[in-house]
Structure formats: structure tokens, C-alpha cells
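A closer look at the structure
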Amino acid sequence: MDTRHTAARELRRGMKDSIPIIIGLLPFALILGIQGAQKGMSVLEMPLMAGLNFAGGSEFAAVGLWNKPLPILLIVGVTFMINTRHILMGAAFAPYIRHLPLRRLLPALFLMTDESWAMAMADIRKRKEAGLPLFSLHYYMGVCMTLYVVWVAASAAGAAIGPVLGDVSAWGFGMAFPAVFLVLLRGMWKGWKPALPWFASLAAAVLVYRTAGGAWYVPAGAAAGLLTAFFTAGGDEA
């Protein structure tokens with residue numbers, strides 16, 4: 001009974017902590033749905049795409065490429081490149097979730113987004129300082145499920161109202177995502193040396209974006225971050 005009570009409390013804590021993130025994500029989910037509707041996606045197709053490819057940036061890329069006839073291979077390729085950032089996120093997350101049975105691990109990884117990953121990592125740090133077990137699956141799932149339901153529902157709502165709103169790119173919602181990520185990164189800050197992979201990833205992404213164009217800056221940034229994390233960790237052990 002006590003275990004169930006603890007699980008419910010952790011679930012509620014995750015849902016509560018996700019509320020500020022929802023405020024930042026909600027406009028983007030609506031815009032995603034609106035843009036999808038303007039590309040010809042139906043109210044059913046939009047939430048299906050958002051629910052199956054729950055990854056933010058790659059969803060916008062897929063909507064941008066949506067056309068008739070549908071360029072399936074191009075959409076799959078671009079989506080894959082953009083989502084390679086999950087390799088870096090998963091590598092950092094792996095030590096805390098590797099003990100989970102497969103039936104819990106797979107849903108946890110499927111629902112992992114930039115925001116839920118950052119919140120989980122920040123919570124791990126807080127629990128470590130408090131002397132608690134490092135990873136709370138129920139807290140993490142509370143965050144993930146709340147973000148998932150809101151994102152999919154809001155994208156469907158955007159698809160429903162999109163045809164009557166016209167161009168929404170000038171509404172000023174473009175600062176919502178950067179603001180959310182700055183807040184998340186501030187909560188994870190542990191000093192300059194642990195942040196080296198962030199800066200290496202940023203520098204590589206900017207360089208490739210400026211020189212190569214396309215979506216190659218995403219895997220380039222992820223690869224640079226992974227390599228920097230690997231070599232700086234090796235240096236610490238030595």
C-alpha cells in the first residue's frame with residue numbers, strides 16, 4: 001500500500017512539474033497542427049503523426065515536407081537525421097534506466113523528448129543531493145504522459161482550427177522553445193567542465209549549419225557532443 005502511495009505521489013509530482021513546460025510547448029503544438037492543416041493534413045492525420053513521431057523538431061520538418069505526392073523517403077531521412085540527437089540524450093540517460101525491465105524501458109524511451117529528458121536529469125541531480133534513489137520512473141512517466149497528451153491533443157486542435165487562422169508565423173511564438181530550453185539548461189548547470197559537450201555540440205552544429213545547410217547540423221552537433229563527453233569522461237577517470 002505504501003509503495004502504491006509513493007508511486008502515485010511521484011506521478012503527481014511529475015505532472016505538476018511539467019506545467020511550466022506545457023505553457024511553453026502549447027503554442028508550438030497548436031502551430032504544428034495549424035501548419036499541418038494548411039498542408040492538407042486532416043484532423044486525424046495530424047495527431048497520428050504527432051503521436052507516432054513524438055519528437056518536436058522533426059515533426060515540424062515532416063510537416064514542412066508534406067506534399068502530394070508524399071515524399072516518404074525524404075521525410076523519413078530528414079526525420080532520422082534530426083532525431084539523432086536522441087543518441088546523445090540516451091547515452092546520458094542509460095546509466096539510470098538500464099535496470100528497468102524491457103516492458104518499462106521501451107515506453108520510457110519512446111516518450112523521451114528534450115524536455116522530459118532534461119527534467120528527468122535535473123530530478124536525478126536533486127535526488128542525489130537528497131540521498132534518494134537516483135531515478136524515479138513514476139516521476140518521469142508523470143512528466144512524459146502529461147507532455148504527450150497535451151502535445152497530441154493541441155496539435156489536433158490546431159489542425160481543426162488551422163484553416164480559419166491563416167499564417168501564424170508572425171504571432172511571436174518563436175521565442176517559446178528557446179525560452180523553455182534556457183530554463184531547462186539553467187536547472188541542469190553544474191559548471192563549465194561538465195558543460196563542455198553542450199558547447200562542442202553547439203559549435204559543431206553552428207559550423208555545419210553555416211557551411212553545409214540542410215539538416216546535417218543536427219547529427220553533427222550530436223556527434224560532437226558524444227565525442228566530447230566520451231573524451232572528457234575518460235580524462236576524469238585517468
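This structure is a prediction, so every number in the text was calculated from the model and none was measured. Numbering of residues begins from 1 in every chain and follows the order in which that chain's sequence is written. Only residues with pLDDT of at least 70 get local features here, since the model is predicted, and only at 80 or more are side-chain atom pairs given and counted; chain-wide, interface and lining totals rely on the full set of residues. The basis for every side-chain value is the complete set of non-hydrogen atoms in the structure, without hydrogens or water.

Let's talk about the nonpolar core
Side chains of nonpolar character tend, in soluble globular proteins, to be buried together. Met 46, Phe 93, Trp 117, Phe 135, Tyr 140, Leu 147 and Trp 151 are the most contacted members of the largest nonpolar core, which totals 41 residues. Breaking this core down by element, the ones donating at least two residues are helix H2 (19-38), helix H3 (45-52), helix H4 (57-65), helix H6 (85-97), helix H7 (102-110), helix H8 (114-129) and helix H9 (137-161). Going along the chain from the N terminus, every DSSP run of H or I of four or more residues is numbered as a helix, and every run of E of two or more is numbered as a strand. A total of 10 residues in this core trace back to one element, the largest contributor, which is H9. Should any heavy atoms of two residues lie within 4.5 Å, those residues are counted as being in contact. Not counting the four nearest positions on each side in its chain, Phe 93 is found in contact with Met 112, Trp 117, Ala 120, Met 121, Ile 124, Phe 135 and Tyr 140. By nonpolar core we mean a set of buried residues, namely Ala, Val, Leu, Ile, Met, Phe, Trp, Tyr and Cys, connected to one another through side-chain atoms within 4.5 Å. Accessibility here uses a 1.4 Å probe with only protein chains present; expressed as a share of the type maximum, an area under 20% marks a residue as buried, one over 50% as exposed, and anything in between as partly exposed.

Here's the deal with unusual backbone geometry
Here the amide bond leading from Lys 68 into Pro 69 is cis, since omega sits at 0°, within 30 degrees of zero. Residue placement: Pro 69 occurs in the loop between H4 and helix H5 (72-82).

Some details on the UniProt feature "transmembrane region" (unreviewed entry) in the protein
UniProt positions are given in the numbering used here, feature names are shortened, and annotations may be inferred rather than shown by experiment. The sites that UniProt annotates as "transmembrane region" (unreviewed entry) are residues 21-38, 72-97, 137-162, 168-185 and 192-209. Split by type, residues 192-209 is 78% helix and 0% strand. Its first and last C-alpha atoms lie 24 Å apart.

Topic: the pattern of salt bridges
When a carboxyl oxygen of Asp or Glu lies within 4 Å of a side-chain nitrogen of Lys or Arg, that pair is called a salt bridge. This model, assessed by the stated rule, comprises 3 salt bridges. Between Arg 127 and Glu 10 there is a salt bridge whose closest N-O contact spans 3.3 Å. Linking Arg 127 in helix H8 with Glu 10 in helix H1 (residues 2-17), this pair joins segments that are 117 residues apart in sequence. Residue classification places Arg 127 among the buried residues on the basis of a relative accessible area of 11%. By relative accessible area, Glu 10 is classed as buried at 11%. Here Asp 123 and Arg 13 are joined by a salt bridge, their closest N and O atoms 2.8 Å apart. Of this pair, Asp 123 sits in helix H8 while Arg 13 is found in helix H1, placing the two residues 110 residues apart along the sequence. Asp 123 sits in the buried class, given a relative accessible area of 5%. The exposure class of Arg 13 is partly exposed, given its relative accessible area of 26%. Bridged by salt links that share partners, the residues Glu 10, Arg 13, Asp 123 and Arg 127 form one connected network.

Notes on the environment of Met 49
With respect to the helices and strands, the residue Met 49 is situated in helix H3. Remark: the alpha-carbon pair of Met 49 and Gly 36, spanning 13 residues in sequence, is separated by 9.9 Å. Sequence-distant contacts of Met 49, defined by excluding residues within four places in its chain, comprise Met 41, Glu 59 and Val 63.

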